[in-house]
Structures are given as structure tokens and as C-alpha cells.
Amino acid sequence: MHAWVDERLTPEQLHAVEAQLGQHPAQHNEALQWRSQADALRVLHLDVLQEPVPAHLLESAQRISTYRHGVRQWTRWGGMAASVALAFACGWWGRPALFPDNELAQTSRALNKGFVQQASTAHAVYAPEVRHPVEVTSAEQAHLVQWLSKRLGRPLRVPDLSAQGYVLMGGRLLPGDTGARAQFMFQNTGGARITLYVGGVTDASPKGSQDTVFQFSNQGSNRSFYWVDHGFGYALTGALERQELMALSEAVYSQLGAP
Amino acid sequence: MPPRQLHEQIPGLRRYARALTGNTWAADDLVQDTLERACSKWRLWLAGSDLRAWLFTIMHNIHASEVRKLVRQQQLAPTGPWEDEAQQVAEATSDNDIRLDLQRCLMQLPEDQRSVLLLVVLEDMSYADVARITSAPLGTVMSRLSRARSRLQTLMNAPAKAGPSSASAGADIVPLHRSR
């Protein structure tokens, strides 16, 4: 049951366990609760991963390298660490204020802001990942789409961005504050990665607007376009120029909007 | 040990320590102790083996001995030090509110259950790795995981909030001492 919750089963095992869970509703219910508990835990203190590492910790870590690599290496690494820390700090302080004090009056805007912020955080966390950039790779695209559709509770589609030079790497499930979210990751031949973050958005249509509006958000080196369409919120994020990202967003929108 | 490899581990160690201790300063102290211990014992690390698991083992051992020390001194308040955290995010939003609640419930788990749950879920470590890191048999790890999950679920389901604080009350100041 834990292996089911932690999604560590082979397809055959998964089949067997789900068959068993189907016969034991109480257990099934508990397993589902554990899974959403795990989803909540996985985003706990996610922001710590993005914070610049305090200087005293970098110093502690440098002592190891001093022992082994001598002073020259130390200075070189010190400079590099400082620039990394500086880059992090710039990104961090350069971010727009996320939650202004009087945001409550503007629920809808706040919702979008929260959505795009979560998309941006998810991008920042997973796009640089080397070993596990995605949970399910594009090799299992059918399974990926089926699985994420099931978890988001509505049918999802993945856009094809090969005409724009981007190939699907895969996707993952993420928790958002109004339910499950899906992240699809694409990469071009230069290694640049963009992510499409998708989730059900409930409160976004009180304006009665028929036109989809692309909104732009700039978070450090990453930029996002986000929009709401048929009850789904989308955010496309990448370290690209605004125009390039806009063209990609339009491609995504026109493919997913088509009936 | 290439220094870069070590530096790459620091953010992950900090996050785990934060969830484990529920306190920003205690967490960074724990990370610092871990890095210093790793530094003095780096010869014991086998190049090419899993650096992350090695560092988490060191951190686990330091934390476990600190907790034992605290218990001996009978200073381990049942509520834990998460109030400090509450103070820091006093200008909190609803996101922080939820996070705080989860952290508060986590702090009510026994130490050994909390670390197993966090290693499995937060760090996505295999059950076998968790057994090695916590130097416990696999069966013990699994039963700690079960108890942690059941208990956390009970705590999360309990009506923990004293006020009408809900997702819509994001601008409210987070109460520092919640009654349960």
C-alpha cells in the first residue's frame, strides 16, 4: 500500500494492488488520503530550495574542499559560489512582490498570481533537474496523459510543439492550492526547457469575458504567459524572450482550444 | 569529493532539516553541524557512492543524538519550536497558513516516525535507503511509515483551527498559539 501511495510499483504490481484496493473501500480511502497527504508534504518548504544558501553554510562546505583540493581550488570555488549565491539573490529580490497586503479584494487576480507563481516555482525546481526532470517520460505518453487526466479530474491534452523545435520530455503531477496540477516539460535541441503548467481554475470566469487573455509575468530570468480557457488555467514558463514565449503560447492555445 | 557535488546538496539538506525541526534557525544549525561533521569525516565517504545518502545519514545521526540530549534535559516541549516559524510568517497568506498547519502536525509525530515519513516523501528515498540511513530494519521503517501516515492524517483531520481562519482569511495574522 505504501508503494502504491509513493508510486513505486511496476505496472503489473500496480494492477494487482489496485485490484485489491478496489475490493477494500476502507483501505482504498485511506490510501487516497495518504496520497494527498504526500502531495501536500512534497510542497512543504519548497521555497527553501530556491533561497540563496547562507554564507556560513557555504563556508562550512568549503572546508571539505580545502582539505582535498588546496587553496587554489578553494578560491576558485569561493568565487563561483559567491556568484551563484549572487545570482540566486538577484533572482530572489528581483521577483515582484507576490502577495500584496490588500490582495483579498481581488480574489481573481490573486488566484491568477498564485497560479502563475506556483507554475514559476515548479519550473524553477524541475527544469534544471538532471536525473528526474519528469515523473513519467514521454515514452509513456498515453499513460502520462491518462494518469494526469485522472488526477486532475478532466481530460487533458498535450500540445505538439515539434514545429517550434520543442519535444515533449514528459510530465509530473503537482499539488496546487485548488487541487492537482500537471506540469509538462519540453526541450529543444539546444537543451532549453519550457514547462506548461495546467490546473483546474474555478474562480476565474466571473468577469464573463469570452476572450482569452494572455497575461505576461516576469520572474527573474524566467518568464511566463498564462491564460484561462474552459475552466483550465495554463502557464507556459521558460527562460526565453517574450516574443518567442508568446509564439509558443499561441501554438499551445490554438492546439488545446480546438474541439 | 568535488566541492560542487557537496554544494548541490545544501538546499536539499536545508529543506529536510526545516521540515524535521520546524524551525529555521535550528534547521540551519543542523545543516552546519552536518557539513562540519562531513568535512571532518570525508575520508570515510567512498568516492562514487551516494553522497546524498551519506550526508542524510550524518544528519540523521546528529539530529537523533540532539533529540536524545534534549529529552534528557526534559526541555522538549510537546508543542515543539514551531512558534518561531509562526512569528516569521506573521504576515502570512493562506498558503503559509496551510504550510504552518502541516508543519505543526508534523511536529506532533514522534521523531523516528517524522524522519521516516520525510525521507520517503520529501526526499523520495527508497525504503531500503531509509532503512540504511536510520539504521533500522526495513520492517521497522515500514511500520513507522504506517504509523506516521495514520497519525498525521488524524491530526490533519482534527479541527485544529481555533478561529474562522480559512483559505479566504489570508490577510489575517497567523495566531502564534493555536488551541487544539
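Chemist: I keep staring at the overall build of chain B and nothing clicks. Help me out?
Modeler: Of the regular secondary structure elements, chain B holds 8 helices and 0 strands. Ordered by position in the sequence, the α and β elements of chain B form the string α-α-α-α-α-α-α-α. For chain B, long-range pairs separated by at least 24 residues make up 69% of all intrachain contacts whose partners lie at least 6 apart in sequence. With an accessible surface of roughly 8300 Å², chain B has 54% of that area assigned to carbon and sulfur atoms.

Chemist: Explain the pattern of salt bridges to me, please; I cannot follow it from the model alone.
Modeler: Between side chains of opposite charge, a pair can form when the charged atoms approach closely. Scanning all chains against the criterion turns up 14 salt bridges over all chains. Put simply, A:Asp39 and A:Arg151 hold a salt bridge, and the shortest N to O gap is 3.4 Å. Separated by 112 residues along the polypeptide, A:Asp39 in helix α3 (residues 25-42) and A:Arg151 in helix α6 (residues 141-152) bring together distant segments of the chain. Judged by its relative accessible area of 13%, A:Asp39 falls in the buried class. For A:Arg151, a relative accessible area of 25% puts it in the partly exposed group. Linking B:Asp112 and B:Arg144 is a salt bridge whose minimum nitrogen-to-oxygen distance equals 3.4 Å. Taken as a pair, B:Asp112 in helix α6 (residues 111-121) and B:Arg144 in helix α8 (residues 138-157) lie far apart in primary sequence, 32 residues in all. A residue is classified by how much of its surface remains accessible, and B:Asp112, at 32% relative accessible area, is partly exposed. Judged by relative accessible area, which is 18%, B:Arg144 ranks as buried.

Chemist: How should I be thinking about the environment of A:Trp4 in this particular structure?
Modeler: Residues and elements named next belong to chain A. On the secondary structure map, Trp4 appears in helix α1 (residues 2-5). By relative accessible area, Trp4 is classed as buried at 4%. Separated by 17 residues in sequence, Trp4 and Leu21 have C-alpha atoms that sit 10.0 Å apart. Residues in contact with Trp4, not counting those within four places in the same chain, are Leu9, Leu14, Val17, Glu18, Leu21, Ala31, Leu32 and Arg35.

Chemist: For this particular structure, what's the right way to read unusual backbone geometry?
Modeler: In most cases, non-glycine residues show a negative phi, while peptide bonds are predominantly trans. Residue and element names in this part refer to chain A. The backbone of Glu7 shows a phi angle near 55°, a positive value even though the residue is not glycine. Mapped onto the fold, Glu7 is located in the loop between α1 and α2 (11-23). Residue Glu7 is classed as partly exposed on the basis of its relative accessible area of 33%. Phi angles above zero are rare outside glycine, and His45 is one such case at about 55°.

Chemist: Looking at this structure, I do not really get the sheet that holds strand β5 (residues 215-219) of chain A. What am I missing?
Modeler: By definition, the strands of a sheet pair up through backbone hydrogen bonds, in either a parallel or an antiparallel sense. All names here are of chain A. Reading across the sheet, the 7 strands line up as β1-β2-β3-β4-β7-β6-β5 and stay open at both edges, with antiparallel pairing between neighbours. Across the chains shown, the open sheet's two edge strands, defined by having one partner strand only, are β1 (136-137) and β5. Here β1 runs beside strand β2 (residues 167-176); their pairing, made up of 2 bridges, is antiparallel. Bridge pairing links Val136 to Gly171 in β2. Running at roughly 25° to strand β6 (residues 222-229), helix α7 (residues 242-257) makes contact with β4 (193-200), β5, β6 and β7 (232-238) of the sheet.

Chemist: I'm lost on the packing of aromatic side chains in this one. Help?
Modeler: Both the distance between ring centres and the angle between the ring planes are used here to describe each pair of aromatic rings. Residues and elements named next belong to chain A. If you walk through the whole model with that rule in mind, you get 6 aromatic pairs over all chains. Ring geometry for Trp227 versus Tyr253: centroids 6.5 Å apart, planes at 90°, classification edge-to-face. Residue Trp227 is located in strand β6, and its partner Tyr253 is located in helix α7; the two are separated by 26 residues in the primary sequence. On the basis of relative accessible area, Trp227 is assigned to the buried category, the value being 2%. What links up through ring pairs into an aromatic cluster is the set Trp227, Phe232, Tyr234 and Tyr253. The positively charged end of Arg242 is found above the aromatic ring belonging to Phe216, 4.1 Å away from the centroid.

Scoring rules and cut-offs
Residues numbered from 1 in each chain as written. Chains lettered and ligands numbered in written order. Predicted model: local features only at pLDDT ≥ 70, side-chain atom pairs only at ≥ 80, totals over all residues. Heavy atoms only, no water. Helix = DSSP H or I, 4+ residues; strand = E, 2+ residues; numbered from the N terminus. Contact = heavy atoms within 4.5 Å. Areas by Shrake-Rupley, 256 points an atom, 1.4 Å probe, with all protein chains shown as cover. Salt bridge = Lys/Arg side-chain N within 4 Å of Asp/Glu carboxyl O. Buried < 20%, exposed > 50% of the residue type's maximum accessible area, 1.4 Å probe, protein only. Pairing = 2+ DSSP bridges. Axes fitted to C-alpha atoms, helices over the stretch in contact; angles between N-to-C directions. Phe/Tyr/Trp six-rings, centres within 6.5 Å; stacked < 30°, edge-to-face > 60°. Lys NZ or Arg CZ within 6 Å of the ring centre and 35° of its normal.

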